[in-house]
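Residue-level structural notes
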Amino acid sequence: MNLDDFDRQLLAEVEQASSPTVAALQSRKRYLQGNGSEEQIKRRKTQAQARDQVPAPSFNLRHAPPMARGIQLVCTSQMPDRVSAIFPYEILNAVQSKCFPVAFESNDNLVVSAPTGSGKTVVMELAICRLVMETRNADFKVIYQAPTKSLCSERYHDWSKKFKLLGLDVAELTGDTSNDHLRQVQQARIIITTPEKWDSITRKWRDNRRLLDMIKLFLVDEVHILKDSRGATLEAVVSRMKSIGTQVRFIALSATVPNSEDIAAWLGKSPEQSTQPARIEVFDESFRPVRLEKHVYGFQYGNNDFSLDNHLRKQVPDMIIKHSKKKATMVFCMTRKSALQTAQTLAEAWRNSERHQLPWPAPRQIIVVGDTVLRDTVQAGVAFHHGGLSVEDRHAVEQGFLQGFITVICSTSTLAVGVNLPCYLVVLQGTTTWATNAMQSYSDLEVMQMLGRAGRPQFEQSACAVILTREQHVSRYQKMVSGQELLESTLHLNLVEHLNAEIGLGTIRSMALAQKWLASTFLRVRVMRNPGHYQLEETNSHVGTDEMLQQWCEKDIQALLHANMVEDSGRLKCTELGDAMAKYYVNFDTMKIFTAIPPKAKLREILSALTRAAEFSEMRLRSGEKSYYKELNKKSEIMFPVNVDIALPEHKVSIILQAELGGASQPDGENFRKHHQQHSTERLVIFSHANRLIRCIIDCQIYMKDSVSVRNALELGRCIAAKVWDSTPRQLKQVPEIGDVLCRKLASQGINSIEKLLAKEAYQIEMAVGKTQPFGTRLLAKLQSYPRLRVSIKEMGREIKRGHGATLRLRVDVGFLNTKTPTYFHKTPVYVCFVVEDSNGNLLDFRRFSAGKLESEPILLSAVAEQPLTHVGCSVMCDEIVGTAMHAELKVSGIPDAVFPAGIKSRPGPRDVDHPAIQKASQVATAFDDDDIEDADLLAATEPQ
Ligand SMILES: Nc1ncnc2c1ncn2[C@@H]1O[C@H](COP(=O)(O)OP(=O)(O)OP(=O)(O)O)[C@@H](O)[C@H]1O
Ligand SMILES: [Mg+2]
């Protein structure tokens with residue numbers, strides 16, 4: 001902390017203090033002003049810790065502890081030397097001091113509700129220090145959760161430095177974490193993560209109870225996100241920690257909310273006293289170090305978000321004149337284009353103003369930027385900023401703003417998250433934005449983050465926020481900014497998926513435990529208080545809310561049992577289908593579609609199931625898009641054109657997916673061009689879901705032992721990952737040097753696969769594409785890492801058991817033709833899938849391993865054939881690379897039909913294998929003996945062919 005921060009915080013408290021110690025505090029402030037820099041303060045502190053040689057201050061805080069707002073302020077020197085070193089402040093502020101006794105001197109769970117910037121982080125630090133003091137050197141872990149990656153990384157940087165002083169390792173766990181990194185995370189004492197990441201990690205750690213048992217402190221920052229759609233995950237992970245009965249202490253920090261006592265009731269006081277509420281400390285807006293003036297303006301303007309946006313844009317110049325005091329301003333807009341247009345509007349308004357009435361000062365210096373529109377607006381001290389700008393321009397705008405050469409930045413909401421740009425005034429030009437795949441209202445968290453840009457303590461002592469929205473939303477935003485909006489749960493919206501995940505994890509093993517789990521959720525607390533919100537009124541009034549929850553639980557678990565996601569063999573357990581649903585975070589309705597894929601499904605049928613996933617339900621056709629997608633659907637590159645009227649999300653998803661895989665260009669022309677950007681954005685969303693969904697389909701088909709569907713699903717998975725169709729010349733596009741043009745040139749010369757390309761000499765490649773040396777050599781060198789698989793299969797023996805079928809002992813040789821094992825392709829680890837099937841389409845074996853683990857040893861396996869077969873096939877392929885599939889076949893003859901269970905001459909559909917009724921039928925069949933088989937035949941049949 002620098003002196004200014006401290007100064008301001010202290011001043012805020014002194015201003016509000018009502019005790020006689022004001023004078024003492026003021027003298028302390030003078031003392032600090034006169035005594036210098038952060039370094040000096042730190043140095044003094046260290047010296048003091050070394051041997052209590054406190055430099056003589058103007059008064060001794062130990063003897064006259066200062067008060068603020070009736071709260072006795074705590075000096076960090078009161079804490080044991082070992083831990084006090086991590087606090088850069090000598091005095092804890094009022095919020096922190098009030099929380100000190102619970103956070104540092106007790107083990108109770110604690111909920112703190114306090115305004116932005118009031119110093120809540122310290123409360124968590126106090127709890128960590130308490131744990132360090134209590135546990136000494138025993139093994140423990142602390143989990144810190146915040147809703148965004150940027151909050152996590154801010155915390156990580158701060159805490160890794162601070163807690164190094166106490167010898168605690170800190171690890172950040174967000175986004176993709178490699179296995180190596182995961183080990184580091186497992187070793188760290190403090191793990192910083194998002195609820196989503198923690199959820200997926202604990203799902204992986206389910207067998208590692210020891211690690212979960214080591215968690216002693218669970219810190220939930222920004223717990224008010226419970227009401228956002230993502231809040232359900234937070235609720236689920238916290239409830240999971242509570243219900244598995246670990247000895248965890250919870251500290252939850254929240255912005256101002258009216259029902260923080262519900263969070264306290266949810267968390268409970270301690271594992272032993274879980275029915276009593278956690279301790280709770282509430283601080284109102286007056287504890288905000290920077291006063292924030294808030295204004296919400298409502299407008300009535302059409303139904304279309306875009307026309308409203310245009311209307312709001314016209315209001316922004318006046319809003320700035322009215323509220324900005326000519327100081328730094330940020331305007332948040334719903335799209336990039338909108339940000340650019342608002343910057344232009346503002347620049348024009350500034351230019352049209354009288355010289356002596358400029359809404360903000362003329363820039364003292366004109367920053368240098370590349371973008372031509374930006375170059376124009378910065379002359380008026382206005383800039384726009386979004387992900388579409390070059391990195392250099394973005395940096396120049398940020399620096400220009402910090403140095404005061406730019407007074408107004410118009411940006412999309414992403415800037416509120418990633419970059420630390422403080423300002424005086426924040427304007428929200430509308431409250432909707434493009435989120436995931438539709439126009440949506442900003443989440444509360446987004447609004448808070450945008451407003452949080454205003455009045456950073458180091459920048460201003462007061463600040464202003466202006467929200468422009470639709471008339472009908474005014475009261476909602478008024479409530480939100482004044483912290484009056486009730487926190488509700490969102491867990492009920494996906495209760496069935498959460499129940500399935502908890503069953504998979506073993507948290508729920510019976511109906512009784514399901515109820516116990518549900519009773520440990522925030523949902524239960526809120527249902528009790530506000531049943532109307534959860535649509536429970538229409539139910540029998542004589543049924544109590546607990547009974548209602550119980551019925552919900554039973555209904556959902558029955559649905560899971562019925563859909564074969566869960567089985568009940570005295571204990572509730574996920575089937576492999578339920579496991580896949582949890583592992584890939586797939587919607588229950590989607591699972592029902594996936595499990596109804598027809599037997600021996602073709603690529604087209606699998607694609608169709610994928611596009612019908614509930615995850616795509618928001619991909620509706622927007623106005624004017626129908627003719628655009630009709631046009632795209634006509635292109636020859638669309639492998640499976642939609643042959644019905646294009647009207648549903650699944651049609652759109654299918655066309656977008658196929659257009660990408662087939663390389664179809666976007667329809668051009670005046671009427672179509674306006675849909676290009678939307679198409680590109682939605683494509684990203686579709687592919688991000690599709691990768692996950694296809695993995696789930698593969699797992700389901702493996703479970704159903706349908707080898708044809710497995711192979712086709714694997715093929716679609718490869719195509720989606722590589723973004724090109726397999727078995728088309730476009731597979732060449734996987735080579736970095738080859739774009740659309742080269743790909744076409746090569747294909748026109750008959751070089752239509754990577755295999756064919758590899759068979760050419762460098763000069764032949766150069767001739768084919770009209771390039772000069774050393775292009776061909778370079779290309780071939782690059783292709784060295786393209787995995788080329790080989791496979792062969794041989795029968796090593798067989799056992800025949802009358803009426804039970806034949807067991808074939810097989811030897812499969814799988815390897816690479818490459819001189820060096822291609823463990824990586826395009827910097828991504830290479831995985832190989834291995835499928836063994838019989839001629840009836842039954843999956844006999846499936847394996848997946850990393851290229852590095854593909855031993856030179858052959859794979860020996862026994863495959864049980866339960867029905868007459870003509871051959872066994874073996875396919876190998878790389879998981880995400882097209883053009884790599886190889887196939888080998890082994891003819892099988894000489895097994896008399898009569899060996900197989902009587903009555904099953906040709907096998908029923910593969911999925912019937914796992915159908916309990918069919919299994920029983922085949923057991924009955926085996927009861928008939930095979931007496932009609934000649935012994936000699938039987939003997940001959942046991943010899944390999
Ligand atoms: N005791 C203190 N004395 C002086 N400054 C402090 C003190 N405690 C915290 N600060 C400073 O106050 C600022 C806000 O603290 P912090 O980030 O913990 O607030 P917060 O309540 O978590 O806010 P938010 O709601 O934005 O997360 C920080 O810059 C921090 O360094
Ligand atoms: Mg905070």
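Residues numbered from 1 in each chain as written. Chains lettered and ligands numbered in written order. Predicted model: local features only at pLDDT ≥ 70, side-chain atom pairs only at ≥ 80, totals over all residues. Heavy atoms only, no water.

- As recorded by an unreviewed UniProt entry, the protein carries the name DNA 3'-5' helicase and is attributed to Cyphellophora attinorum.
- The Sequence similarities (unreviewed entry) comment attached to the protein in UniProt states, word for word, "Belongs to the helicase family. SKI2 subfamily." (UniProt positions renumbered as here; feature names shortened; annotations may be inferred.)

1. Some points on the overall build of the protein
- A tally of regular secondary structure across the protein gives 37 helices and 28 strands.
- Counting every position in the protein, which comprises 945 residues, the buried fraction comes to 53%.
- Taking contacts inside the protein between residues at least 6 apart in sequence as the whole, the part at least 24 apart equals 70%.
- As displayed, the protein offers around 41800 Å² of accessible surface, 49% of which is attributable to carbon and sulfur atoms. (Helix = DSSP H or I, 4+ residues; strand = E, 2+ residues; numbered from the N terminus. Buried < 20%, exposed > 50% of the residue type's maximum accessible area, 1.4 Å probe, protein only. Contact = heavy atoms within 4.5 Å. Areas by Shrake-Rupley, 256 points an atom, 1.4 Å probe, with all protein chains shown as cover.)

2. Examining the pattern of salt bridges
- The full count for this structure, using the stated rule, is 45 salt bridges.
- For D668, the salt bridge identified is with R673, shortest N-O distance 3.0 Å.
- Exposure remark for D668: the relative accessible area of 53% places this residue in the exposed category.
- Given a relative accessible area of 46%, R673 falls into the partly exposed group.
- Salt bridges here are not isolated pairs; linked through shared partners, they connect E125, R155, D158 and K162. (Salt bridge = Lys/Arg side-chain N within 4 Å of Asp/Glu carboxyl O.)

3. Quick word on the environment of I71
- For I71, the location among the structural elements is in strand β2 (residues 71–72).
- As a C-alpha pair, I71 and A94 span 23 residues in sequence and 6.1 Å in three-dimensional space.
- Apart from residues lying up to four places away in sequence, I71 is in contact with P66, A94, S97, K98 and F287.

4. Section: the packing of aromatic side chains
- Evaluated as defined, the whole model comprises eleven aromatic pairs.
- The interplanar angle of 70 degrees and the centroid separation of 5.3 Å between the aromatic rings of Y144 and W159 together place this pair among those described as edge-to-face. Taken together, the residues Y144 in strand β4 (residues 141–145) and W159 in helix α7 (residues 149–162) connect sequence positions 15 residues apart.
- Accessibility expressed as a relative area gives 1% for Y144, which makes it buried.
- A relative accessible area of 0% means that W159 is categorised as buried.
- Where Y786 meets F825, the ring centres are 5.6 Å apart and the plane angle is 75 degrees; that geometry is what we call edge-to-face. With Y786 in the loop between α35 (775–782) and β20 (789–801) and F825 in strand β22 (residues 824–825), this pair connects stretches of sequence that are 39 residues apart. Neither Y786 nor F825 differs from the other in exposure class; each is buried. (Phe/Tyr/Trp six-rings, centres within 6.5 Å; stacked < 30°, edge-to-face > 60°.)

5. Digging into the sheet that holds strand β7 (residues 215–220)
- If you walk across this open sheet you meet the seven strands as β5-β6-β4-β7-β8-β3-β9, and the pairing is parallel. Whereas interior strands pair on both sides, the edge strands pair on one side only; in this sheet they are β5 (170–173) and β9 (279–282). Averaged over all neighbouring strand pairs, the angle between strand axes comes to 15 degrees, with direction disregarded.
- Strand direction decides the pairing type here: β4 and strand β6 (residues 190–193), joined by four bridges, are parallel. Each bridged residue has a counterpart across the sheet, and for Y144 the counterpart in β6 is I192.
- Along the sheet, helix α5 (residues 94–105) makes contact with β3 (110–113), β8 (249–254) and β9, crossing β9 at roughly 165 degrees. (Pairing = 2+ DSSP bridges. Axes fitted to C-alpha atoms, helices over the stretch in contact; angles between N-to-C directions.)

6. Some details on the state of the cysteines
- Here the structure, examined in full by the defined rule, presents zero disulfides.
- With no disulfide of its own, C410 lies closest to C333 among cysteine sulfurs, the gap being 5.3 Å.
- When its relative accessible area of 0% is taken as the criterion, C410 is described as buried. (Disulfide = S-S within 2.5 Å.)

7. Things to note about the nonpolar core
- Among the nonpolar cores identified, the biggest contains 82 residues, and L560, M565, L657 and I694 are the most heavily contacted of them.
- Residue contributions to this core peak at eleven residues, all from helix α30 (residues 676–703).
- In this structure, L560 is in contact with V496, L499, N500, I503, M565, V566, M581 and F588, ignoring residues within four places of it in sequence.
- Core analysis: the second largest hydrophobic core is formed by 63 residues, W350, V447, M450 and A463 among them. (Core = buried A, V, L, I, M, F, W, Y, C linked by side-chain atoms within 4.5 Å.)

8. Description of empty space enclosed by the protein
- Here the structure, examined in full by the defined rule, presents four cavities of 30 Å³ or more.
- The calculated volume of the second largest cavity comes to roughly 80 Å³.
- Every residue lining the second largest cavity is listed: H224, K227, A255, T256, V257, D444, M448, K479, M480, G483, Q484 and E485.
- Elements with a contribution of two residues or more to the lining of the second largest cavity: α18 (444–451) and α19 (474–481). (1 Å grid on protein atoms, 1.4 Å probe; cavity = no way out; pocket = protein on both sides within 12 Å on 5 of 7 lines; lining within 4 Å. Points joined across faces, edges and corners; volume = space filled by probe spheres on them.)

9. Focus: the pairing of β5
- Of the two faces of β5, the one carrying V170 and E172 and the one carrying A171 and L173 are both buried.
- Bridging between β5 and β6 involves four bridges; their strand directions are parallel. If you follow L173 over to β6, its bridge partner there is T193.

10. Regarding the environment of M877
- Within the secondary structure, M877 sits in strand β27 (residues 871–878).
- With a relative accessible area of 2%, M877 lands in the buried category.
- Between the C-alpha atoms of M877 and R711, which are 166 residues apart in sequence, the distance is 9.7 Å.
- Residues contacting M877, with those up to four places away along its chain left out, are L714, R718, L789, Y831, V832, C833, V835, T884 and A885.

11. Section: the packing of helix α20 (residues 495–505) against helix α23 (residues 545–562)
- The N-to-C vectors of α20 and α23 enclose an angle of 70 degrees; their axes lie 10 Å apart at closest approach. With respect to α23, the axis of α20 lies roughly perpendicular. Contact residues: L495, V496, L499, N500 and I503 in α20; W552, C553, D556, I557 and L560 in α23. (Parallel < 35°, antiparallel > 145°, perpendicular 65-115°, else oblique.)

12. A look at the sheet that holds β27
- One open sheet holds the four strands; their spatial order is β25-β24-β27-β28, and the pairing between them is antiparallel. Of all the strands in the sheet, the pair left with one neighbour each is β25 (843–850) and β28 (886–891). The sheet shows a mean angle of 10 degrees between the axes of neighbouring strands, direction not considered.
- Of the strand pairs in this sheet, strand β24 (residues 831–838) and β27 are connected by seven bridges, and their pairing is antiparallel. Pairing of F834 across the sheet is with V876, part of β27.

13. Considerations on the side chain of S411
- As for its placement among the helices and strands, S411 is situated in strand β13 (residues 408–411).
- You can call S411 buried: its relative accessible area is 0%.
- Leaving out residues up to four positions away in the same chain, S411 has contacts with V331, F332, C333, A339 and H385.

14. Notes on helix α21 (residues 511–519)
- Restricting attention to buried positions, one finds in α21 the residues A514, W517 and L518. Seen from one end, α21 has its buried residues packed into an arc of 95 degrees, which puts them on one side.
- On its buried face, α21 is in contact with α11 (231–243), α20, α22 (522–529) and α23. (Arc of directions from axis to C-beta.)

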